[in-house]
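Results of the structural survey
The chain contents come next:
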Amino acid sequence: MAEASGTPLGKKAAGLLESPFIGMSPWIVFSLLVGPGRFEWAVGAALAISLGLVVATRLVTPGGSLKILEVADVVFFAALAVVGALASAGTLRWLETYAGEVSNLALTAIAFGSMAVRRPFTLQYAREQVDPALWNTPAFLRTNYMITGVWGLAFLVAAIAGAYGDLVLHNPDNIWTGWIIQVLAIVGALRFTAWYPDVVRARARGDAHPPRPAGLLLPLAGLLVPVGIAVLVFDGHLWWLGVALIVVGGWLTGRLRQRSARTERASAGHDTT
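In what follows, the accompanying structure is described. Position numbers for residues start from 1 in each chain and track the written sequence from start to end. In keeping with the model being predicted, local features are shown solely for residues with a pLDDT of at least 70 and side-chain atom pairs are shown and tallied solely at 80 or more, while totals for entire chains, interfaces and linings include all residues. For the side-chain quantities, the full set of heavy atoms in the structure was used; hydrogens and water were omitted.

As for the overall build of the protein
Helical segments are the DSSP runs of H or I of at least four residues, strand segments are the runs of E of at least two, and each set is numbered from the N terminus. For the protein, the count of helices and strands is ten helices and zero strands. In the protein, the succession of α and β elements from N to C terminus is α-α-α-α-α-α-α-α-α-α. Split into buried and exposed, the 273 residues of the protein put 40% on the buried side. The long-range fraction of contacts in the protein, counting pairs at least 24 apart against all pairs at least 6 apart in sequence, stands at 72%. Note that accessible areas follow from Shrake-Rupley with a 1.4 Å probe, and for residues the cover is restricted to the protein chains shown. As presented, the protein carries roughly 14,300 Å² of accessible surface, and 70% of it is formed by carbon and sulfur atoms. For every residue, the accessible area (1.4 Å probe, protein chains only) is compared with the maximum for its type, and the residue is labelled buried under 20%, exposed over 50%, or partly exposed between those bounds. We call two residues in contact whenever any of their non-hydrogen atoms come within 4.5 Å of each other.

See below:
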């Protein structure tokens, strides 16, 4: 590993690059940015992030493996950039409308395809964070199948939401299908990625108080407040729904925080006995 990765900043950067979310970030950025008149900007941003991640990974962790997702990032968005540069006006309009769904379906195929060949794509990231002795253990493999499957479902939900907005509502910029549902799906998968390994480790240790679902749901509940504000700002005729989301989000966040705090106190009390 490079000398820079031995510094606190280098270790933090290396830890960030070892997250599968980072490998998926170009696709997420692209699917959220793309739309009428924004195809070139979305492709350019995604390709720049993809190349930046490859370079950063080689600089920070030169001994790390080249990830399937990193290769797919560069190939997919480089190809889209070439197609976009050569496309006719009609093809470009089609890409502006449906490229978000195409990218989400491509990620869904990568996730479930990697599971089908018994190489869940999160394995490459997870193996860089654990002892090699654990790489082929059933619990480690099962954890990565679960996490990869959840990401696949999240991208499938995002693709379906985007397709509904484009094909049924004929509104690619619909706040619900183009933004809220897709963001909630991604945040849910991201939170599950951080939460589920803690559950597996707690069960393996025989902890009396393993992490509860409240810890998984808390970030999603917290998002209800900004979603409610967004509804009030951009979808005024549903003002009542915006107000309800703000009220429910605030109340639910408080309740889940109380439950998480009680679980942590109980776990701490058990550890000291």
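After that view, the rundown keeps rolling.
Focus on the nonpolar core
When a protein is soluble and globular, its nonpolar side chains tend to lie buried together. Joining through side-chain atoms within 4.5 Å is the link that ties buried Ala, Val, Leu, Ile, Met, Phe, Trp, Tyr and Cys residues into a set, and such a set is a nonpolar core. Met24, Trp27, Phe30, Phe39, Leu69, Phe77 and Trp151 are the most contacted members of the largest nonpolar core, which totals 37 residues. Secondary-structure elements contributing two or more residues to this core are α2 (20–33), α3 (39–60), α4 (68–86), α5 (89–116), α7 (138–168) and α8 (175–205). In terms of residue count, α8 provides more of this core than any other element does, eight residues in total. Excluding anything up to four places from it in sequence, Phe30 contacts Phe39, Ala42, Val43, Ala46, Phe77, Leu80, Ala99, Gly100 and Ser103. The next biggest cluster of nonpolar side chains, apart from the first, holds seven residues, and it includes Ile180, Leu224, Val227 and Val231.

Focus: the environment of Thr177
Within the secondary structure, Thr177 sits in helix α8. On a C-alpha basis, the gap between Thr177 and Tyr164 in space is 6.9 Å, while along the polypeptide they are 13 residues apart.

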